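Tertiary structure, described
Read off the chains here:
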Amino acid sequence: MTRYPIILILLLALFTNLNAQSLRGKITNSEGIPVSYATVYINELKHGTTANIKGEYNLNLKPGSYTIFFQSLGFSPTVINVTIGDADKNLNITLQIQYYAIPEVRVTSTGEDPAYAIMRKAIGLAPYYLNLVKHYEADIYIKGSVIVRKIPKIMRKKLLVNEEKINEGDVYFIESINEIEFDAPDKYDQRVISQQSTLPESGQTDISPMDVVKASFYEPVLVDVAISPLSPNAMAHYKFKYEGSTPQGKYVVNKISVIPKRKSQQVFFGTIYIIEDQWCLHSLNLTNENLAGSININQVYTPVQDDIWMPVSHNFEVKISVVGIIADGEYGSAVTYKVVEPDNELKKPEAIRSVNHLREQTEEVQAELSKEQAKIEEILRKDNLSNRDMAKLSRLVEKETTGTAKGKEELEIKETRSFTVEENARDHDSTYWNSIRPIPLSDEEMRSIRVSDSIKAQQSLARVRRSSDTTATGDSSSKVSAQKVLGGIGFGKTFYSEDRLTNFRYGGLINIEQFSFNSVNGFMYGTDFRLSKWWKDGPRMRITPSVDYGFASEKLFWRVDGLLNYNHLKQGRLIIWGGNQARDYNRSAGIASSLNMYTSLFLKNNYLKLYESSFLTIDHRQEYFNGFYIAFRYNYEKRNTVNNSSQFSFMKKDELYEINMPVNPYLPDSGDPDQRYSLVDHTHHSGSVLISYIPRQRYRITDMGKSSAGSSYPTFKLHYIHGLNIFENDERENFDFMKIEIAKSENIGAFSEYSWRFRAGGFINNQGVQFQDFVHFNSQPLPVLFTNYQDVFMLPAYYSLATPEYFIEAHARLTTPYLLIKLLPFISNTLMRENLSFAYLHTPQTRNYFEVGYALSEILLLGKIGVFVGFEEFRYAGTGVRFTLIFE
């Protein structure tokens, strides 16, 4: 049955080709040199495409009359009226150099470059143009090729993709035809109608630059990569230089150089063209340099409807340089807009003068303006805007265009992007592509297709031969089966049911994450299992048993975790876990076990203090209305103190480990003879309730259920615990604890974040409190860390801050790309970010203790280095440097 749709499509393509004539030619400059990737736009069809690297273009047009625009950055546009008859037609185009002049009116009395006055208006109105189109439908053709220029000798024999060797000089080619449907503000549906590729068969279909094609330079950040020159904070990252203006038809186009204030992987450089009085994009040629190389983006905009300027051609040049591998890539696209619907409710600012006629602002019109619109008009009437005016204009326009002034924001975040590939997308032959391809192939691309077809034929024949050999001998399958069994035993394996709703995971015998060492149990090793079960449109269950063995203590530890998600829309869940384990006294945020292993084995420092716990915990959590959660928990523990069982280490073998007892002012060894807290064996019971509220919580609903997506408001929490500890001779002691917490985290600009957290609480009565029940805080005093901790104190010793009384705690952190050190030229071109932190703690013992810190994060994407200074009662208490290696 699948053959018939394919035959119909081929017949349709042939019929279309018979009824369409080819208009082809070559675009050159006045010296006869090809103009690579020039834009060709057919006004009647709202269809834009590009020439290839040789300046060649090819259009399939039905008989009729067309107005065709030929243009390229740096050249004057050429407009040709063409009549297509019953025969193919050849039309060569010569583009003349475009000259830009600086008119006297642009010379400012302050000496400021005229580009800033233009860019401030363009930046201020960017939210308007970002939201101007309510809906559009377009056909987009994308063609790309990659040439492998260099491969290091050490990698030449090993560089394989799906068993296919990659060689220097190889050319890989992809092309696809896509249907795009957009609905404001950010909903995209993409259907891949047809595609072909000479890349090694990997099943990938998303290697085209479609994300950049769908993105907009009116957005503050382009596809989470670099800051747009039209971003509200662009003035902090860019300098602008006015290169002149030129008339193009009834418009005047300003040419502006975009110059980064500092070398960075998060900015662009190049040229941007802004239309006078409209203050929108005409075209751009911008480059971003990053760790993988560089990407040059060339876009040309055209008024596809009224004064709605949209990109009609995209060209991308990619330079790749990774671990010695060098490659060049080139992508081109052709866009046909089938439907364009503006947002008619969006009022066009009166100060954006129409090119057809000047609109007088009468008192009647002024009366129709809202308060925000009147402020917008007032700012736009200024000839020269200040940075403050620009920021205010951007905020007002965004508020007006996004409708936040008219009503509250929708809380549910619906899926905004869909991607589907037609079942027969790869089944088209060369006849189909030759009839429909709007950008001619280069010689290298045609050679790539021929070579790929030859390789695929050889691979198909080889598979047939291997299948015959395997059937004859039977040896190959048995060897593969044995290898799989041994690999599963050693490294683990996941088994799936036929419907894939049930799976079982075995962790394997060789798992570095299951290996550890501490002075209490010596070397420890274990494995884990996981059983997961999903019911269609119903609950989900997961059971995870694990076992560990301590070789020095000769003890077997075990744990079983059970999770049941039973109400997806209310996020209802039940968790039960129990077992027998060695636990850290500071279970909330102590030293990482992997870090303690290294300090123990190489420095003979056993910072981790453990007790033995036989436990059972039952936890239930559910959302009762949007953003309001209540969690109930019951906890049982049999807590026993333990001693060191091992003195093994690679260094300092003659020394002994410290005794397995935390150091804290409230414990007996603090030197206080009246100290009443001690570490003793006991049985613990506790019940707790945690109430959380996120006002106006945004959320997503998927097949997996409802999930929180944050809020513009802080998160509020109230936590209450009632505990009972039972000691020898059945002595029972009760305690009660209460805590409040308020926290907020938000993005405050391109790649910038700000977060804060406030906690306060204490024990209402603390008669029966044991050290495990103390309020513990996150302190990390070692110079090297393996986790990127948040809300942390970097200087106090482990366990030293814990209190059985009351506390007040506060944290704040600012993360931004540029603050101090990143302004220096030799490190500005990195992805590192700067961090300022503040941490405060007040307890009866610490009194007023606070730390301030400065850190560089994302060092080579996996490291962080910071300097922290501590103060006690505003007196200097110490300084520390922290190196964080992030392996997660």
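Starting afresh in each chain, residues are numbered from 1 along the sequence in its written order. Under the rules for a predicted model, residues below a pLDDT of 70 receive no local features and side-chain atom pairs below 80 are neither given nor counted, while totals for whole chains, interfaces and linings still include all residues. In computing side-chain values, all of the structure's heavy atoms are included and hydrogens and water are not.

Turning our eyes to something else, we now look at the overall build of the chain. Each helix corresponds to a stretch of at least 4 residues labelled H or I by DSSP, and each strand to a stretch of at least 2 residues labelled E; elements are numbered beginning at the N terminus. In terms of regular secondary structure, the chain is built from eleven helices and 44 strands. A simple rule labels every residue: compare its accessible area, found with a 1.4 Å probe on the protein chains alone, to the largest value its type can have, and call it buried under 20%, exposed over 50%, or partly exposed in between. Residues counted as buried form 46% of the 888 residues belonging to the chain. Any pair of residues with heavy atoms lying within 4.5 Å of one another is described as a contacting pair. Taking all contacts inside the chain whose residues are at least 6 apart in sequence as the whole, residues at least 24 apart take part in 60%. Working note: accessible area of the chain is about 45,500 Å², and carbon and sulfur atoms make up 55% of it. Only the protein chains shown count as cover for residues, with accessible areas throughout obtained via the Shrake-Rupley method and a probe of 1.4 Å.

Another point: a nonpolar patch on the surface. On the surface, a nonpolar cluster with roughly 860 Å² of combined accessible area is contributed by Phe495, Phe504, Leu531, Ile543, Val547, Tyr549, Phe551, Leu556, Trp558 and Val560. Going through the elements one at a time, β28 (540–550) and β29 (555–567) are the ones with two or more residues in the nonpolar patch. Since its relative accessible area comes to 33%, Val560 is described here as partly exposed. Think of a patch as exposed residues, more than 30% relative accessible area, with no salt bridge, where like charges cluster within 9 Å and nonpolar side chains (Val, Leu, Ile, Met, Phe, Trp, Tyr) cluster within 5 Å. Any carboxyl oxygen of Asp or Glu within 4 Å of a side-chain nitrogen of Lys or Arg constitutes a salt bridge here.

Known as pLDDT, the predictor's per-residue confidence is scaled from 0 to 100. Taken over all residues, the pLDDT of the chain has a mean of 85, while the share at 70 or more is 86%. Across residues 1–18, where pLDDT falls below 50, the model places eleven contacts with residues more than four positions away in sequence or in other chains. Note on residues 202–206: pLDDT is under 50 here. Beyond four places in sequence and across chains, it has six contacts.

On to the environment of Asn52. Relative to the elements of secondary structure, Asn52 occurs in the loop between β3 (47–50) and β4 (56–61). Here the alpha-carbon distance between Asn52 and Gly332, two residues 280 residues apart in the chain, equals 8.0 Å.

A separate point is the side chain of Ser313. Along the chain, the position of Ser313 falls in strand β21 (residues 308–322). We classify Ser313 as buried; its relative accessible area is 2%. Apart from residues no more than four positions distant in its own chain, Ser313 is found in contact with Thr39, Thr49, Thr50, Asn298, Gln299, Val300 and Ser333.

Attention now goes to unusual backbone geometry. At Arg500, a position not held by glycine, the phi torsion is positive, near 60 degrees. The phi torsion at Gln571 lies on the positive side, around 55 degrees, for a residue other than glycine. You can see Gln571 is positioned in the loop between β29 and β30 (572–584).

Summarising the sheet, strand β2 (residues 39–42) and strand β5 (residues 64–71) pair through four bridges and their orientation is antiparallel. Across the sheet, the residue bridging to Ile42 is Ile68, located in β5. For β5 and strand β6 (residues 78–84), the ladder comprises seven bridges, and the chain directions are antiparallel. Each bridged residue has a counterpart across the sheet, and for Ile68 the counterpart in β6 is Ile80. Strand pairing requires that DSSP identify at least two bridges connecting the strands. Hairpin connection, β5 to β6: the antiparallel pair is bridged by six residues, and Gly74 has positive phi, about 95 degrees.

Time to look at helix α10 (residues 593–603). Residues of α10 that are buried include every one of Leu595, Asn596, Met597, Thr599, Ser600 and Leu601, and no others. The inward-facing, buried residues of α10 abut β26 (516–518), β27 (522–534) and β39 (784–785). Just past α10, the residue Lys604 takes up positive phi, approximately 60 degrees.

Geometrically, a pair of aromatic rings is defined through the distance of the ring centres and the angle of the planes. Working definition: rings of Phe, Tyr and Trp (its six-membered ring) pair if their centres are within 6.5 Å, and the pair is stacked with planes under 30 degrees apart, edge-to-face with planes over 60 apart, and tilted otherwise. Inspection of every chain in the model, using the stated rule, returns 44 aromatic pairs. Residues Phe517 and Phe648 carry aromatic rings whose centres are separated by 6.4 Å and whose planes lie at 65 degrees to one another, so their mutual orientation is edge-to-face. Taken together, the residues span a long stretch of sequence, with Phe517 in strand β26 and Phe648 in the loop between β32 (628–641) and β33 (682–693) at a distance of 131 residues. Through a chain of ring-to-ring contacts, the aromatic side chains of Phe515, Phe517, Phe523, Tyr525, Tyr598, Phe602, Phe648, Phe650 and Phe786 assemble into a single cluster. To sit over a ring, a charge needs its Lys NZ or Arg CZ within 6 Å of the ring centre and within 35 degrees of the ring normal. Over the aromatic face of Phe495 sits the side chain of Lys493, whose NZ or CZ is 5.7 Å from the ring centroid.

Turning next to the environment of Tyr128. When you line up the elements, Tyr128 lands in helix α2 (residues 115–130). Residues Tyr128 and Glu398, spaced 270 residues apart in sequence, show a C-alpha to C-alpha distance of 6.8 Å. If we skip the residues at most four places from it in the chain, Tyr128 touches Leu346, Lys347, Lys348, Pro349, Ile352, Val397 and Thr401.

What follows deals with the pattern of salt bridges. Summed over the entire model, instances satisfying the criterion amount to 29 salt bridges. Note that Lys143 is salt-bridged to Glu445, the shortest N-O span being 3.1 Å. In this pair, Lys143 sits in strand β9 (residues 133–150) while Glu445 sits in helix α8 (residues 443–473), placing the two residues 302 residues apart along the sequence. Exposure remark for Lys143: the relative accessible area of 3% places this residue in the buried category. Its salt-bridge partner being Asp307, residue Lys348 comes within 3.3 Å of it at the nearest N-O pair. Remark: Asp307 occurs in the loop between β20 (293–305) and β21 and Lys348 occurs in the loop between β22 (325–342) and α4 (363–368); sequence separation between them is 41 residues. Asp307 gets classed as buried once you look at its relative accessible area, which sits at 18%. Salt bridges sharing common partners tie together Glu741, Arg757, Arg759, Asp791 and Glu809.

This part is about a positive patch on the surface. Among the surface-exposed residues, Lys371, Lys375, Arg388, Lys392 and Arg395 lie close enough to one another that they form a single positively charged patch. Listing elements by their share of the positive patch, those giving two or more residues are α5 (371–380) and α6 (387–402). Here the positive patch gets three residues from one element, more than from any other, and that element is α6. Relative to the assigned elements, Lys392 resides in helix α6. The convention is simple: Lys and Arg are positive, Asp and Glu are negative, and His and the chain ends are not counted. For the purpose of locating charges, the reference atoms are NZ of Lys, CZ of Arg, CG of Asp and CD of Glu.

Turning our eyes to something else, we now look at the pairing of β21. In this structure, β20 lies alongside β21, joined through twelve bridges in antiparallel fashion. From the neighbouring strand, Gln299 faces β21, where its bridge partner is His314. The loop that links β20 with its antiparallel partner β21 comprises two residues; one of these, Asp306, has a positive phi angle of about 50 degrees. Sheet topology places β21 next to β22; ten bridges connect them, and they run antiparallel. By the bridge assignment for β22, Ser313 is matched with Ala334. Connecting the antiparallel pair β21 and β22 is a turn made up of two residues, with Val323 showing a positive phi of about 45 degrees.

A few words on empty space enclosed by the protein. Regions of empty space are outlined by a rolling probe, equal in size to a water molecule, passed over the atoms. Buried and open spaces are told apart on a 1 Å grid over the protein atoms alone, a cavity being a set of points where a 1.4 Å probe fits but cannot get out and a pocket being an open set with protein on both sides within 12 Å along at least five of seven lines. Residues with an atom within 4 Å of a point are the lining residues. Grid points are joined across faces, edges and corners, and a volume is the space filled by probe spheres set on the points. Throughout the structure, instances matching the rule amount to four cavities of 30 Å³ or more. As for the largest cavity, its lining consists of twelve residues, and the residues nearest its centre are Lys347, Pro349, Gln373, Ile376 and Glu400. Put simply, the parts of the chain that give the lining of the largest cavity at least two residues each are α5 and α6. Across the lining of the largest cavity, the residue classes break down as six nonpolar, two polar and four charged. Along its surface, the second largest cavity is lined by Gln71, Ser72, Leu73, Gly74, Phe75, Pro77, Tyr100, Gln248, Tyr273, His282, Ser283 and Val300. Only Asp, Glu, Lys and Arg are considered charged in this grouping, and only Ala, Val, Leu, Ile, Met, Phe, Trp, Tyr, Cys and Pro are considered nonpolar; every other residue, Gly among them, is considered polar.

Turning to α5, a few remarks are in order. Residues lying three or four places apart along an α-helix face the same way, a consequence of the helix completing one turn every 3.6 residues. Every buried residue belonging to α5 is among Glu372, Gln373, Ile376, Glu377, Ile379 and Leu380, and all of these are buried. Angularly, the buried residues of α5 cover 165 degrees about the axis, an arc narrow enough to put them on a single face. In this description, one arc is meant: the one made by directions from the helix axis to the C-beta atoms.

What follows is about the environment of Asn424. By the element assignment, Asn424 lies in the loop between β23 (417–421) and α7 (430–436). Along the backbone, Asn424 and Ser194 are 230 residues apart, and their C-alpha atoms lie at a distance of 7.5 Å.

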